[in-house]
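# An overview of the molecular structure
If you want the building blocks of each chain, they are given just below.
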Amino acid sequence: MTFSKGLPHFASGIVVKGFGRGSKELGIPTANFEPHIVKELPEEVGTGIYFGWAQIDEGTVHKMVMSVGWNPYFKNVEKSMETHILTKFSQDFYGRNLRVCMVGYLRPEKDFTSLDALVKQIYEDISVAEKELEEPVYLKLKSHKFFCTDKDDVKS
């Protein structure tokens, strides 16, 4: 396993309300970054579906998948970074700090013929991410200093 160009990529920011589709329409809740975090993505981290690690505040580091782009099925006009943490939570994260480490690229964005086809693909992405994140090269980033509670001297 090797890293794709621009990866790993670390990002941190406040969780804001997205389009309200993740939980309601898809049954797959997402945490969305503020627009300025999306604009700070390096050029080599293009649109598509990624996997990696996520942490809310100073909590546990969890597996995640992330959509970066315009979500062609929904025809978004604003680029977004939507993180689905692969752990069930009883509450949302609005206003809390989200840290992510994008470690791998799964696939490009694509349009779907139906909502069911989109949901099926997301679950396939989750399945692949679950397995990939067990690879030692990716697993070691779960304990990266970026996720430590003392952030004063950490650069992303």
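This report concerns the structure included in the present document. Every value quoted in this text rests on a predicted model; they were computed, and no experiment measured them.

## Some words on the overall build of the chain
The secondary structure content of the chain amounts to four helices and six strands. Starting at the N terminus and walking to the C terminus, you meet the elements of the chain as β-α-β-α-β-β-β-β-α-α. Relative to its full complement of 156 residues, the chain shows a buried share of 45%. Taking all contacts inside the chain whose residues are at least 6 apart in sequence as the whole, residues at least 24 apart take part in 70%. Counting only carbon and sulfur atoms, one obtains 52% of the accessible surface of the chain, whose full area is about 8500 Å².

## Brief notes about the nonpolar core
Ranked by internal contacts, the top residues of the largest apolar core, which has 22 residues, are Phe-51, Trp-53, Cys-101 and Val-103. Elements supplying a minimum of two residues to this core: strand E3 (48-56), strand E4 (61-69), strand E6 (97-107), helix H3 (115-132) and helix H4 (136-139). Beyond its immediate chain neighbours, meaning those up to four positions away, Val-103 contacts Phe-3, Leu-7, Pro-8, Phe-51, Gly-52, Trp-53, Leu-133, Tyr-138 and Leu-141.

## Let's talk about the sheet that holds strand E1 (residues 9-16)
Here six strands make up a closed barrel; going around it, the order is E1-E2-E5-E4-E3-E6 and the pairing antiparallel. Direction aside, neighbouring strands of the sheet carry axes that sit 40 degrees apart on average. Sheet analysis places E3 next to E4, joined by eight bridges and oriented antiparallel. Within E4, the residue paired with Gly-48 across the bridge is Val-68. Sheet contacts for H3: E3, E4, strand E5 (80-85) and E6; angle to E4, the most-contacted strand, approximately 135 degrees.

## With respect to the pairing of E5
With six of its six residues buried, E5 lies for the most part within the structure. By the alternation rule, side chains of E5 split into Ser-80, Glu-82 and His-84 and Met-81, Thr-83 and Ile-85, which are all buried. When strand E2 (residues 31-33) meets E5, the two strands line up antiparallel, connected through two bridges. Within the sheet, the bridge partner assigned to Ala-31 lies in E5 and is Thr-83. Strand direction decides the pairing type here: E4 and E5, joined by six bridges, are antiparallel. Within E5, the position partnered with Met-64 by the bridge is Ile-85.

## Looking at empty space enclosed by the protein
Over the atoms, a rolling probe the size of a water molecule traces out where space has been left empty. With the rule as written, the count across this model stands at one cavity of 30 Å³ or more. If you add up the space inside the largest cavity, you get close to 350 Å³. Together, 22 residues line the largest cavity, and Ile-49, Ser-67, Asn-71, Leu-118 and Ile-122 are the ones closest to its centre. Sorting the residues of the lining of the largest cavity by element identifies helix H1 (22-26), E4, E5 and H3 as the ones contributing at least two each. Classifying every residue of the lining of the largest cavity gives eleven nonpolar, five polar and six charged.

## Describing the packing of aromatic side chains
In this structure the tally under the stated criterion is six aromatic pairs. The interplanar angle of 70 degrees and the centroid separation of 5.2 Å between the aromatic rings of Phe-146 and Phe-147 together place this pair among those described as edge-to-face. Taken individually, Phe-146 and Phe-147 each receive the classification buried, so the pair is uniform in this respect. These aromatic residues form a ring-pair network of at least three members: Phe-10, Phe-146 and Phe-147.

Parameters at a glance
- Residues numbered from 1 in each chain as written.
- Predicted model: local features only at pLDDT ≥ 70, side-chain atom pairs only at ≥ 80, totals over all residues.
- Heavy atoms only, no water.
- Helix = DSSP H or I, 4+ residues; strand = E, 2+ residues; numbered from the N terminus.
- Buried < 20%, exposed > 50% of the residue type's maximum accessible area, 1.4 Å probe, protein only.
- Contact = heavy atoms within 4.5 Å.
- Areas by Shrake-Rupley, 256 points an atom, 1.4 Å probe, with all protein chains shown as cover.
- Core = buried A, V, L, I, M, F, W, Y, C linked by side-chain atoms within 4.5 Å.
- Pairing = 2+ DSSP bridges.
- Axes fitted to C-alpha atoms, helices over the stretch in contact; angles between N-to-C directions.
- 1 Å grid on protein atoms, 1.4 Å probe; cavity = no way out; pocket = protein on both sides within 12 Å on 5 of 7 lines; lining within 4 Å.
- Points joined across faces, edges and corners; volume = space filled by probe spheres on them.
- Nonpolar A, V, L, I, M, F, W, Y, C, P; charged D, E, K, R; others polar.
- Phe/Tyr/Trp six-rings, centres within 6.5 Å; stacked < 30°, edge-to-face > 60°.

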